[in-house]
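Fold and geometry: a report
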Amino acid sequence: MDLPIPPGLKQEWAAFETRRQFFGRTGKVLGWAALASLLGGRGVTGDAHAANTNGPAGPQAAGDLKLPNFAPKAKRAIYLFMSGGPPQIDLWDYKPNLAALYNKDIPDSVRGAQQLTGMTSGQARFPIAPSHWAFKRYGKTGTWVSDLLPYTARMVDDLTIVKSTNTDAINHEPAIMLMNTGNMNAGKPCLGSWLAYGLGSMNDNLPTFMVLQTKVNDKENNQPVSSRLWSSGFLSSEYAGVGLRSSGDPVLYLSDPNGVDREVRRKMLDAVNEINHQTYEELGDPETNARISQYEMAYRMQTSVPELADLSKEPQSTWSLYGPEAMEPGTFAYNCLMARRMAERGVRFTQVYKRGWDVHGNVTGLLPILCQETDRGCYALVTDLKQRGLLDDTLVIWAGEFGRTVYSQGGLSPENYGRDHHPRCYTTWMTGGGVRPGITYGETDDYSYNVVKDPVPVRDFNATLLHCLGIDHNKLTYKFQGLDQKLTGTTPASVVPGLLA
Amino acid sequence: LKTFKDVIARADQLLPQGRSIRVVWLAALLMSVELLLLPLIFKLDGQAHGNWQQFLGRFHPLVVHVPIGLILLVPVLEIAGLARPALREAAGFVLKLSFIGCLGALILGYLLAYGGGDVGAVVTRHMWGGIVLTIFVLLCALARPWWISGSVSRVYPALLSCALLALVWATHQGGSLTHGSNYLTQYMPAPMKQILLVDYFQSSPASSGSFYAMHIHPIFDSNCVACHGEGKIKGGLRLDSYDVLMKGGKDGAVIVPGKPESSTLLARVTLPSDHKQFMPADGKPPLKPEQIAWIRAWIQQGASPSAATVNGVTIREESKEPTLQPVGDYSGMMHEILLMQQGQGAKLVQVSRNPADGLVLSTVDVAGSFDDAQLAQFQKYAPYIVEVELGRTAVTNGCFDTLAKFTNLRALHLEGTGVTGVGLQELAPLTQLTYLNLSETKVTPANLAPLGAMKNLRHIYLYNTPAQPVSGADAAQSASRSAL
């Protein structure tokens, strides 16, 4: 069958085929064909490439990496991403001495020569804004937690709290890219895509990497979140995160239209696949194969997603744990519940996004809302995983892209203040498979401004996450632009042993 | 045979003759006596002496490996010399060289101990081991010509054997100084420990059950005692028991009860790690933050040897995971496994690239239909399977019969299945099983009783079962062994 493509254009495409693609393909096509017939559609290695038998997954197959490098403590991970930059001073990093310094200027020696954002660099003064909320000690570990997080406070003994996380970026876009992809510039694969590429799928009927966005609250200062954050970059696009919509059908056009039954759908897909195969034979673009496997995944998701999203069989105890909000699709609590259900069904990596933490002003007005929206969901998810025996091999991560300043942005009054972006220290937590529960790692100075002990830069943070999942971050690589690309980048990164169980 | 005679003839010519032989022996005797008297002349008094001694002494660990290698080479050359006489000739040279090496290492070692002020039982044993070894090597070198000439055939082999025994003893003491005395036995499998009576010789700290014994002493034991213990007493300080700890070192007490800020020990472990006085010294791993916090709280509240708790500090009892036995190498069976599971939907997945980590039986793709009969098909590969995921499958109580044969099973998922727990006792032989998930099944408390005897089974999940009903109120308590 000949496609209605002008011959000139086709020649142009063919010329784009790189030398590497050519050699990668000729060597592997035969091997993959043989392997595919042998496996009969099922992989034994646990990586998705053998399971997706539609041909080579890309110019480089992760099977060669022989992952996991060692027995993993966690099989899967759930990443609760607090987009915008939660203020560590108001939530976790307790600084009781600041109360006495209300409205005093932050010493120059603390701030040093740091370049600030354009939003506060013009301020005449940098007055200290102590946290509006009281802190109390919780749990057997006696960990200080703000009154804003009454639910999370109940599980501090299970958490690995990192007070010394720090980043190189001071603005949202580069910082959120750095957290997710290890690079400030867009175009690199994110953590979830690296995991999908390296470890493959555990459940052939659901995507390996899923993304859940929380419905936007218009009262909050929302920074944009989009598919660049769950992009697979230069990896095959089948490793990109699959987002579920926060309202209506979780996946658009998932249900067959009237008059199209499952058999017709199958026949249609078979025909499309055949055409795609021909295109692949002709042009050799690995993205064609990615497209074929995405069609197949969508077909399987037609049955698996409705089952995933059907909460009718959840026991009453679920609702009393997550709260009534969890019944409403798109809320943070609902997404946490979905994350648990995905973990049960073998989704390798789930990322839940909650926007709105960018509190430049009106901290006392906004922060209680943000915490009220997220606090119970976090607690419910961890508790639920724990009681169901899933926390043993699931890693849960709570993090934003940076912290917020101790000094007030804009006016400071006893009732209200604002906080600007702060990259030099922020608090994150993890729990579950691979990390040591009940510890607080790292220390900041008296102003929660600089890390004074055990700094954890983003690359080390990510190296540690990979370690929990059985991956040596230096070995999960992909050749691109002449470099063995990796999540932790070119600056040497190291796993933080103090965080590990 | 002819060549052999030639060799002997040549060796005869090399032998010292007449008066000179007596001189050599006299000199050797004198040197041996000197070596034996060395510790009495320059007594190891626990005081540091001069920097240059320490500077030179620190080359001891480097130099010491040279004579070790050379001495071990001697018997090899002697034996190989039976077939290739040229090698036997070399043995004499190597032997003399090893004596020079021994002497050098001995002197440097002595400078190290003397200069650094090291004393202690292991230091003493190591020192005497080195001296005796050097003397034996010297005697070997002197007795060898007799053996070559055939006049006295037994003395040299006997001396060489003694030298080798002395070598093993002296080097083991040296290793204990560097790595700690339990370095070799720490990860020894328990049965071997029993046979070799390892624990029998290990001392135990005072008043067991106290906070000191449970939490403080183990920190010192694994981080400090190698240099501050019975074997080696740096700075006159020992930390291997409560009494010696409180006695302090040559600069006085290191722990001031109730005053963490004046306790030298705490100060030294909290310095910046590149500080000259930081402990543990010499690049050994620093104490963990929580360990330092425990020590501080313990000192703050009186540094008691017997108090069972310290306010504000609760240490999660880290249930020590049992050491897992590695599974065999399944790589050879991979092809067969692939064929067997073709069309099954269930699959065996590698835990890691290392076959000793085993395989996981994953059924998530076909959960609804996977039943006892399909499980039985995987029985053949049971020895390689460490985890079986049967959550939400169609298996019944009949599966326990099959699972009992999965002798390397570490984790078993049965959540959301139809099992009621009848037959759970069949899992009793699974000594490696540490995790069992029975959440959302109809398992009853009575049926769980047999699991109580399974020592290693530490994580049992019973959420939403008759054995642990959900209250409906806030979060249910997580399951634990106490449910049994």
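None of these values were measured; they are calculated from a predicted model.

1. Digging into the overall build of chain B
- Secondary structure summary: chain B contains 18 helices and six strands in total.
- Expressed as a percentage of the 484 residues in chain B, the buried residues total 45%.
- Long-range pairs, those at least 24 residues apart, make up 62% of the contacts in chain B between residues at least 6 apart in sequence.
- A total accessible area of about 25,100 Å² is found for chain B, and carbon and sulfur atoms account for 62% of it.

2. Things to note about the overall build of chain A
- Counting its secondary structure elements, chain A contains 14 helices and 17 strands.
- Here chain A holds 501 residues, and 58% of them are scored as buried.
- Accessible surface, chain A as shown: approximately 19,100 Å² in total, 54% of it carbon and sulfur.

3. Re the sheet that holds strand S2 (residues 359–362) of chain B
Residues and elements named next belong to chain B.
- Taken in spatial order, the six strands of this open sheet run S1-S2-S3-S4-S5-S6, and their pairing is mixed. Of all the strands in the sheet, just strand S1 (347–350) and strand S6 (459–461) have a single pairing partner and so form its edges. When the angles between neighbouring strand axes are averaged without regard to direction, this sheet yields 15°.
- Two elements, strand S5 (residues 435–437) and S6, share three bridges in a ladder whose sense is parallel. The residue bridging Tyr435 from the neighbouring strand is His459, located in S6.

4. Description of empty space enclosed by the protein
- Per the stated rule, a full pass over the model turns up eight cavities of 30 Å³ or more.
- Its residues placed into classes, the lining of the second largest cavity shows one nonpolar, two polar and five charged.

5. Looking at the packing of helix H5 (residues 65–80) of chain B against helix H6 (residues 85–116) of chain B
Residue and element names in this part refer to chain B.
- Taken N-terminus to C-terminus, the directions of H5 and H6 make an angle of 160°; their axes are 8 Å apart at the nearest point. What the angle tells us is that H5 and H6 run roughly antiparallel. At the point where H5 passes H6, the crossing takes the left-handed sense. Counting all contacts with H5, which are made through Pro67, Leu70, Ile71, Leu73, Val74, Leu77, Glu78 and Ala80, the residues of H6 involved are Leu87, Arg88, Ala90, Ala91, Val94, Leu95, Leu97, Ser98, Gly101, Cys102 and Ala105.
- For the contact of H5 with H6, the class distribution of residues is 15 nonpolar, two polar and two charged.

6. A closer look at a nonpolar patch on the surface
Residues and elements named next belong to chain B.
- Residues Leu29, Val33, Leu37, Leu40, Ile41 and Phe42 make up a contiguous nonpolar surface patch of roughly 600 Å² in combined accessible area.
- Within the secondary structure layout, Leu29 lies in helix H2 (residues 18–41).
- Taking the relative accessible area as the measure of exposure, Leu29 reaches 56% and is therefore exposed.

7. Looking at helix H14 (residues 458–468) of chain A
All names here are of chain A.
- Counting buried residues in H14 gives nine out of 11 residues, a clear majority hidden from the surface.
- Taken together, the buried positions of H14 are occupied by Val458, Asp460, Phe461, Asn462, Ala463, Thr464, Leu465, Leu466 and Cys468.
- Count one or two residues on from H14 and you reach Gly470, which has phi positive near 80°.

8. A short note on the packing of helix H10 (residues 286–309) of chain A against helix H12 (residues 332–344) of chain A
Residues and elements named next belong to chain A.
- Running from N to C, H10 and H12 point in directions that differ by 125°, and their axes come no closer than 10 Å. One way to sum up the angle between H10 and H12 is to call them oblique. Every pair of crossing elements has a handedness; the one defined by H10 and H12 is right-handed. Contact with H10, carried on its side by Glu307, Leu308 and Ala309, involves Tyr334, Met338, Arg341 and Met342 of H12 and no other residues of that element.
- Of the residues assigned to the contact of H10 with H12, the class counts are five nonpolar, no polar and two charged.

9. Thoughts on the confidence of the model for chain B
Residues and elements named next belong to chain B.
- Mean pLDDT over chain B stands at 83; residues scoring 70 or higher make up 88%.
- pLDDT under 50 marks residues 472–484. Its contacts with residues more than four places away, or in other chains, come to 30 contacts.
- Across the interface, the model reports ipTM at 0.84; the global pTM reads 0.67.

10. Observations concerning the environment of His277 of chain A
- Its location among the elements puts His277 of chain A in helix H9 (residues 262–283).
- In this structure the C-alpha to C-alpha distance between His277 of chain A and Asn289 of chain A, which are 12 residues apart in sequence, comes to 7.7 Å.

11. Brief notes about the confidence of the model for chain A
- Chain-level pLDDT for chain A is 88 on average; 88% of the residues reach the 70-or-more range.
- Note that residues 40–58 of chain A has pLDDT below 50 and, in this model, 55 contacts with residues that lie over four places away or in other chains.

12. Let's talk about H12 of chain A
All names here are of chain A.
- For H12, with 13 residues, the first-to-last C-alpha span of 19 Å sits near the 18 Å given by 1.5 Å per residue.
- Counting buried residues in H12 gives 13 out of 13 residues, a clear majority hidden from the surface.
- Gly346 sits one or two residues past H12 and shows a positive phi near 85°.

13. Observations concerning the side chain of Thr167 of chain A
Residue and element names in this part refer to chain A.
- Considering the arrangement of structural elements, one finds Thr167 in the loop between strand S4 (160–166) and helix H7 (172–181).
- Relative accessible area serves as the criterion here: at 8%, Thr167 is assigned to the buried category.
- Polar side-chain contacts of Thr167 include one of 3.3 Å to the backbone nitrogen of Ala169.
- Leave out the neighbours within four places in its chain, and Thr167 touches Leu178, Glu401, Phe402, Pro423, Tyr426 and Val458.

Rules used throughout
Residues numbered from 1 in each chain as written. Chains lettered and ligands numbered in written order. Predicted model: local features only at pLDDT ≥ 70, side-chain atom pairs only at ≥ 80, totals over all residues. Heavy atoms only, no water. Helix = DSSP H or I, 4+ residues; strand = E, 2+ residues; numbered from the N terminus. Buried < 20%, exposed > 50% of the residue type's maximum accessible area, 1.4 Å probe, protein only. Contact = heavy atoms within 4.5 Å. Areas by Shrake-Rupley, 256 points an atom, 1.4 Å probe, with all protein chains shown as cover. Pairing = 2+ DSSP bridges. Axes fitted to C-alpha atoms, helices over the stretch in contact; angles between N-to-C directions. 1 Å grid on protein atoms, 1.4 Å probe; cavity = no way out; pocket = protein on both sides within 12 Å on 5 of 7 lines; lining within 4 Å. Points joined across faces, edges and corners; volume = space filled by probe spheres on them. Nonpolar A, V, L, I, M, F, W, Y, C, P; charged D, E, K, R; others polar. Parallel < 35°, antiparallel > 145°, perpendicular 65-115°, else oblique. Left-handed = near helix turned anticlockwise from the far one by under 90°. Patch = residues over 30% accessible without salt bridge, like charges linked within 9 Å, V, L, I, M, F, W, Y side chains within 5 Å. Salt bridge = Lys/Arg side-chain N within 4 Å of Asp/Glu carboxyl O. pLDDT = per-residue confidence, 0-100. Expected span 1.5 Å × (residues − 1). Polar contact = N/O pair within 3.5 Å; in protein donor to acceptor, adjacent residues only side chain to side chain.

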